[in-house]
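One letter stands for each residue in the lines below.
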Amino acid sequence: MDGQPGYRYTLADSAMELKWTSKALSDLERLYEALTPIHQEAASRTVQSLTRAAADLLAHPRLGRSLLEFEQREVRRILVGHYEMRYEIQESTLYNPAPLAHT
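Note that the structure is predicted; figures quoted are calculated from it, not measured.

Basis of the calculations
Once a new chain begins, its residue numbering starts again from 1 and follows that chain's sequence as written. Per-residue local features of the predicted model are confined to residues with pLDDT of at least 70, and side-chain atom pairs are confined, for both listing and counting, to 80 or more; whole-chain, interface and lining totals are unaffected and use all residues. The side-chain values count all of the structure's non-hydrogen atoms but skip hydrogen atoms and water molecules. Should DSSP find at least two bridges between two strands, the strands are taken to pair. Helix and strand labels come from DSSP, where a helix needs a run of H or I of at least four residues and a strand needs a run of E of at least two; each type is numbered from the N terminus. Between Lys or Arg on one side and Asp or Glu on the other, a salt bridge is scored when a side-chain nitrogen of the former is within 4 Å of a carboxyl oxygen of the latter. When a residue's accessible area, from a 1.4 Å probe over protein chains only, is under 20% of the maximum for its type it is buried; when over 50% it is exposed; and in between it is partly exposed. Helix span is expected to be 1.5 Å times the residue number reduced by one. To form a nonpolar core, buried Ala, Val, Leu, Ile, Met, Phe, Trp, Tyr and Cys residues must be joined to one another through side-chain atoms within 4.5 Å. Known as pLDDT, the predictor's confidence for each residue is given on a scale from 0 to 100. Contacts are residue-level and defined by heavy atoms, with any inter-residue pair within 4.5 Å sufficient.

1. Quick word on the pairing of strand 4 (residues 74-80)
Relative to strand 4, strand 3 (residues 65-66) is paired through two bridges, and the arrangement is antiparallel. Its bridge partner being in strand 4, arginine 65 is matched across the sheet by arginine 77. Hairpin remark: strand 4 followed by strand 5 (residues 83-90), antiparallel, with two residues in the connecting loop; positive phi at glycine 81, about 60°.

Here it is in structure tokens:
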């Protein structure tokens, strides 16, 4: 996944760390900006649910379905509402959780 620096988040009870890359944060911002003209409250709820789901992965990092096309890496996906989030597990870090597509 994208290795650019970004936002980091850890859960007190977890050995895992969540790293939001610059691209992932940009994707969330772009999604919010696209949804806001349609319904601002829904845009906020959508972005909040995506960020909450990503943080929840710290407690259960292998909750998502493994994506076999990334055979050499541990890339997984979860569905959050109408959005697919992909993330990569490398040792004790989850990288680049971001909404990739509207399902």
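2. Regarding the pattern of salt bridges
Per the counting criterion, the structure on display carries eight salt bridges. Residue arginine 30 pairs with aspartate 27 through a salt bridge whose shortest N-O separation is 2.4 Å. Linking arginine 30 with aspartate 27, this pair stays in helix 1 (residues 22-35), spanning three residues, or about one helical turn. The exposure class assigned to arginine 30 is partly exposed, which follows from its relative accessible area of 48%. In this structure, arginine 86 and glutamate 84 form a salt bridge, with 3.4 Å as the shortest nitrogen-oxygen distance. On the basis of relative accessibility, which here comes to 8%, the residue glutamate 84 falls in the buried class. What you see here is one network of salt bridges that share partners, running through Lys23, Asp27 and Arg30.

3. Comments concerning helix 2 (residues 40-56)
Within an α-helix, residues lying three or four positions from one another point in the same direction, as the helix has 3.6 residues per turn. The terminal C-alpha atoms of helix 2, which comprises 17 residues, lie 24 Å apart, in line with the 24 Å expected from a rise of 1.5 Å per residue. Of all the residues in helix 2, the buried ones are Ala43, Thr46, Val47, Leu50, Ala53, Ala54 and Ala55.

4. Quick notes on the nonpolar core
Counting residues in hydrophobic clusters, the biggest one holds 20 residues, and the most contacted among them are Leu50, Ile78 and Leu94. Mapped by element, the contributors of at least two residues to this core are strand 2 (17-21), helix 1, helix 2, strand 4 and strand 5.

5. Comments concerning the confidence of the model for the chain
Of all residues in the chain, 80% have pLDDT values of 70 or greater, and the mean over the chain is 84. Element-level pLDDT for the chain is lowest in strand 1 (residues 6-10), with a mean of 53, against a maximum mean of 95 in strand 3. Counted against residues more than four places away or in other chains, residues 1-5, with its pLDDT under 50, gives 18 contacts.

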